[in-house]
Amino acid sequence: MCENPIKCVFSVECRSVTEECDHFDNYTISRDWYVNADGTTPTVDKVILYNWTLLDCPVKVKNTENYLPQFDLYDGEDFVRPMTTNFILREEYGRTDYAYNSTMAQVGCNCEAQSWDKMRQLVDSSTGANPDTIWGPQNYRSCFLDSYQGGDLTQPYEILNSSGVVSLTFPADHDSIHIFHVTVVDPNYSYCNLQTTFSVHVYGALSTPNFMPLGISVGTFVFAILIANMILQKEGQTTHA
């Protein structure tokens, strides 16, 4: 139960339920762009049914831009305040084709910060591998505390904040749909277990089929020139004969 009078609901600030977008029933994740839930490498592509009831329109993000999601807290339908605390993201289907733009050292950590890989390594058989219990406000630790020192600070910093410098980056060679689960990790921000799910549509990749007509036209033109040259050479040889 939530002991705070504010209901445990928050939503993505940069999208609206009235926003129009292209509808699709499903999308495919290449086996090169995700890992299985057990951490193993997949051998097949994965087809995902898109839940329009839960997700509505995706947030559109151009692949050349860094993306920092912004959230608002709501009490039912009433806006309360912008969410201004630390949160983490987990891609629901194990996508790996996104990254964080800052390292632990770049954000000023005094010690190695928590990360999904690190937290999964700490999971024992009694806890299980439930992603909702691996990392959250119940075990969050800041890397800025003076009482901790050391560690590998060249790793990506995976904790985001609306006022921070950390954001997501996406590859430019393909478009994608990402479904992120959000968890507020600051235990002092609210008595509520603040979580939500939202989707992102990354766009801007140059599609290979768009280049096929030009390639075919050029290839056909070159082939026609070669045939014409062969015919002219044969006619020349016949004339000399």
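Reference entry: report on the structure contained in this document.

1. Things to note about the side chain of Glu91
Argument step 1. Tracing the backbone through its elements, the reader meets Glu91 in strand 7 (residues 87-91).
Argument step 2. A polar contact of 3.1 Å, which involves the side chain of Glu91, links it to the backbone nitrogen of Arg95.
Argument step 3. A polar side-chain atom of Glu91 sits 2.8 Å from the main-chain amide nitrogen of Ile179.
Argument step 4. Not counting residues up to four positions away in its chain, the partners in contact with Glu91 are Tyr98, Ile177, His178, Ile179 and Phe180.

2. Describing the state of the cysteines
Argument step 1. One pass over the structure, following the stated rule, counts two disulfides.
Argument step 2. The side chain of Cys21 participates in a disulfide bridge whose partner is Cys57; the two sulfur atoms lie 2.0 Å from each other. Disulfide Cys21 to Cys57: torsion about the S-S bond roughly -85 degrees, handedness left-handed. With Cys21 in the loop between strand 1 (9-12) and strand 2 (26-29) and Cys57 in the loop between helix 1 (52-55) and strand 4 (59-62), the pair connects residues that are 36 residues apart, well separated along the chain.
Argument step 3. The disulfide partner of Cys109 is Cys143, and the gap between their sulfur atoms is 2.0 Å. Residues Cys109 and Cys143 are joined by a disulfide whose S-S torsion is about -55 degrees; by sign, that bridge is left-handed.

3. Describing the sheet that holds strand 11 (residues 195-203)
Pairing between the strands of a sheet is mediated by backbone hydrogen bonds and can be parallel or antiparallel.
Argument step 1. Read across the sheet, four strands follow the order 4-11-10-7 without closing on themselves; strand pairing throughout is mixed. Each edge of the sheet is formed by a strand with only one pairing partner; in this case those strands are strand 4 and strand 7. With strand direction ignored, the average angle separating the axes of adjacent strands in the sheet is 35 degrees.

4. Considerations on the environment of Val200
Argument step 1. Positionally, Val200 belongs in strand 11.
Argument step 2. Each C-alpha atom, one on Val200 and one on His178, is 5.1 Å from the other, the two residues being 22 residues apart in sequence.
Argument step 3. If we skip the residues at most four places from it in the chain, Val200 touches Pro58, Val59, Val61, Tyr67, Phe170, Ser176, Ile177, His178 and Phe180.

5. Some details on the pairing of strand 2
Argument step 1. Burial of the side chains of strand 2 is restricted to one face: Tyr27 and Ile29 are buried, whereas none of Asn26 and Thr28 on the reverse face is.
Argument step 2. Two strands pair when backbone bridges link them, and strand 2 and strand 3 (residues 46-49) are joined in this way by four bridges, in the antiparallel orientation. Across the sheet, the residue bridging to Asn26 is Leu49, located in strand 3.

6. Things to note about the layout of surface pockets
Argument step 1. Approximately 790 Å³ is the volume found for the largest pocket.
Argument step 2. The wall of the largest pocket is formed by 32 residues, among which Val35, Gly94, Trp116, Asp117 and Arg120 lie closest to the centre.
Argument step 3. For the lining of the largest pocket, the secondary-structure elements that each account for two or more residues are strand 7, strand 8 (99-100), helix 2 (116-121) and helix 3 (131-134).
Argument step 4. With five residues, the top contributor of residues to the lining of the largest pocket is helix 2.
Argument step 5. Here the lining of the largest pocket is composed, by residue class, of 14 nonpolar, seven polar and eleven charged.

7. Considerations on empty space enclosed by the protein
Argument step 1. In the structure shown here, the tally under the stated rule is two cavities of 30 Å³ or more.
Argument step 2. Of the pockets and cavities examined, the second largest cavity occupies roughly 30 Å³.
Argument step 3. Along its surface, the second largest cavity is lined by Ile88, Arg90, Trp116, Pro131, Asp132, His181 and Thr183.
Argument step 4. Those elements giving two or more residues to the lining of the second largest cavity turn out to be strand 7, helix 3 and strand 10 (176-184).
Argument step 5. Taken together, the residues of the lining of the second largest cavity break down into three nonpolar, two polar and two charged.

8. Let's talk about the environment of Trp135
Argument step 1. Position of Trp135 relative to the elements: it lies in the loop between helix 3 and strand 9 (168-169).
Argument step 2. The sequence separation of Trp135 and Ser115 amounts to 20 residues, and the corresponding C-alpha distance is 8.6 Å.
Argument step 3. Discounting chain neighbours no more than four positions away, the residues touching Trp135 are Ile88, Gln114, Ser115, Trp116, Met119, Tyr140, Glu158, Ile159 and Val185.
Argument step 4. A polar atom in the side chain of Trp135 sits 3.1 Å from the side chain of Gln114.

9. What to know about the pattern of salt bridges
Argument step 1. Summed over all chains, the structure comprises four salt bridges.
Argument step 2. Of the charged contacts in the structure, one is a salt bridge between Arg31 and Asp45, with a shortest N-O distance of 3.4 Å. With Arg31 in the loop between strand 2 and strand 3 and Asp45 in the loop between strand 2 and strand 3, this residue pair connects regions lying 14 residues apart in the sequence.
Argument step 3. Asp45 sits in the partly exposed class, given a relative accessible area of 41%.
Argument step 4. For Arg120, the salt bridge identified is with Asp117, shortest N-O distance 3.9 Å. Pair noted here: Arg120 and Asp117 are both in helix 2, with a separation of three residues, about one helical turn.
Argument step 5. The class for Arg120 is partly exposed, based on a relative accessible area of 42%.
Argument step 6. On the basis of relative accessible area, Asp117 is assigned to the exposed category, the value being 53%.

What counts, and at which threshold
- Residues numbered from 1 in each chain as written.
- Predicted model: local features only at pLDDT ≥ 70, side-chain atom pairs only at ≥ 80, totals over all residues.
- Heavy atoms only, no water.
- Helix = DSSP H or I, 4+ residues; strand = E, 2+ residues; numbered from the N terminus.
- Polar contact = N/O pair within 3.5 Å; in protein donor to acceptor, adjacent residues only side chain to side chain.
- Contact = heavy atoms within 4.5 Å.
- Disulfide = S-S within 2.5 Å.
- Pairing = 2+ DSSP bridges.
- Axes fitted to C-alpha atoms, helices over the stretch in contact; angles between N-to-C directions.
- Buried < 20%, exposed > 50% of the residue type's maximum accessible area, 1.4 Å probe, protein only.
- 1 Å grid on protein atoms, 1.4 Å probe; cavity = no way out; pocket = protein on both sides within 12 Å on 5 of 7 lines; lining within 4 Å.
- Points joined across faces, edges and corners; volume = space filled by probe spheres on them.
- Nonpolar A, V, L, I, M, F, W, Y, C, P; charged D, E, K, R; others polar.
- Salt bridge = Lys/Arg side-chain N within 4 Å of Asp/Glu carboxyl O.

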